[in-house]
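Structural description and commentary
What follows is each chain in one-letter form.
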Amino acid sequence: MTKLAEVWLRGPVAGIPPLLQPAAHAILQAGEDVIPLVADLTPALLWARPGGAAAIGFHLLHLPGSLDRLLTYSRGATLTPEQVDHLAAERTAHEDRPELPQLLARFAAGIDAGVAYLRTVPESSLVVPREVGRKRLPSTTLGLIFHAAEHSSRHAGQIVTLSQVVRRSEQAL
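Analysis parameters
- Residues numbered from 1 in each chain as written.
- Predicted model: local features only at pLDDT ≥ 70, side-chain atom pairs only at ≥ 80, totals over all residues.
- Heavy atoms only, no water.
- Helix = DSSP H or I, 4+ residues; strand = E, 2+ residues; numbered from the N terminus.
- Expected span 1.5 Å × (residues − 1).
- Buried < 20%, exposed > 50% of the residue type's maximum accessible area, 1.4 Å probe, protein only.
- Pairing = 2+ DSSP bridges.
- Core = buried A, V, L, I, M, F, W, Y, C linked by side-chain atoms within 4.5 Å.
- Contact = heavy atoms within 4.5 Å.

All right, on to helix 3 (residues 56-74) then. With 19 residues, helix 3 should reach 27 Å at 1.5 Å per residue; the first-to-last C-alpha distance of 27 Å fits that figure. Of all 19 residues making up helix 3, 18 are buried, and the element is well covered by its neighbours. At the C-terminal side of helix 3, G76 shows a positive phi close to 85°.

For a regular strand, the rule is simple: side chains alternate between the two faces of the sheet. Where strand 1 (residues 129-132) lies against strand 2 (residues 137-140), four bridges are found, and the strand directions are antiparallel. Each bridged residue has a counterpart across the sheet, and for R130 the counterpart in strand 2 is S139. Linking strand 1 to strand 2, which pair antiparallel, is a turn of four residues; within it G133 sits at a positive phi near 70°.

Here the focus is the nonpolar core. Ranked by size, the top nonpolar core spans 43 residues in total, and within it V38, L46, I56, L60, L118 and I145 carry the most contacts. Mapped by element, the contributors of at least two residues to this core are helix 1 (21-38), helix 2 (43-46), helix 3, helix 6 (100-118) and helix 7 (141-172). When residues of this core are assigned to their parent elements, the largest contribution, nine residues, is made by helix 3. With near-sequence residues (within four places) excluded, I56 lies in contact with V38, L41, L45, L46, A48, I159, L162, S163 and V166.

Take it as geometry only, folks, not as evidence of what the structure does.
Shown next as C-alpha cells:
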C-alpha cells in the first residue's frame, strides 16, 4: 500500500479559498492521521490515562467539538444549546466513556463539517472582527479559523503520541 503525501503536498482542496487552504489542509490531515490509528483501540486503550494525561477518547470527543465551536465564533454566531451540551459532555468524558464507534462518527463528521464550512467563507470576511465566548474576547474570522485548525492539529498530535504510548504499555504487560 502506497502512503499518500501529506494533505498540504497534494495541492489545493477543491472549493476552498486560497487564503484558507492551510486551514483546510491541517483539518483534513488531522482526520487522516487519527481515524485509521484509533479504529481498533480497545476500551481500555481508548480511556487509558498514562501519567494522568487526558485519554485518547477525550481528545476524540474534544477535537470536533472545539472545531465546531471555534468555527461558530468565526461566523459571528454564539453557541447553540446543543453545542453547550457537547462542551459539558467533554468535561465528563473520562467518567462517561463514550464508545469508540460513536466517537469516530462524531470525529469524522466534525472534520467534514469544518472543511465544508471553509468552502462558504468569503475571503473578504477574513479580517472581520469576531468575539469569542462569554467574555467576548477579540479575534477575527481568520484568527478563529487559524486557531481552529491549529487546535485540531495539536489534539491530533496528542492522539498519535498517546496511541503509541498506550499500545506499548499494553504490549509490556
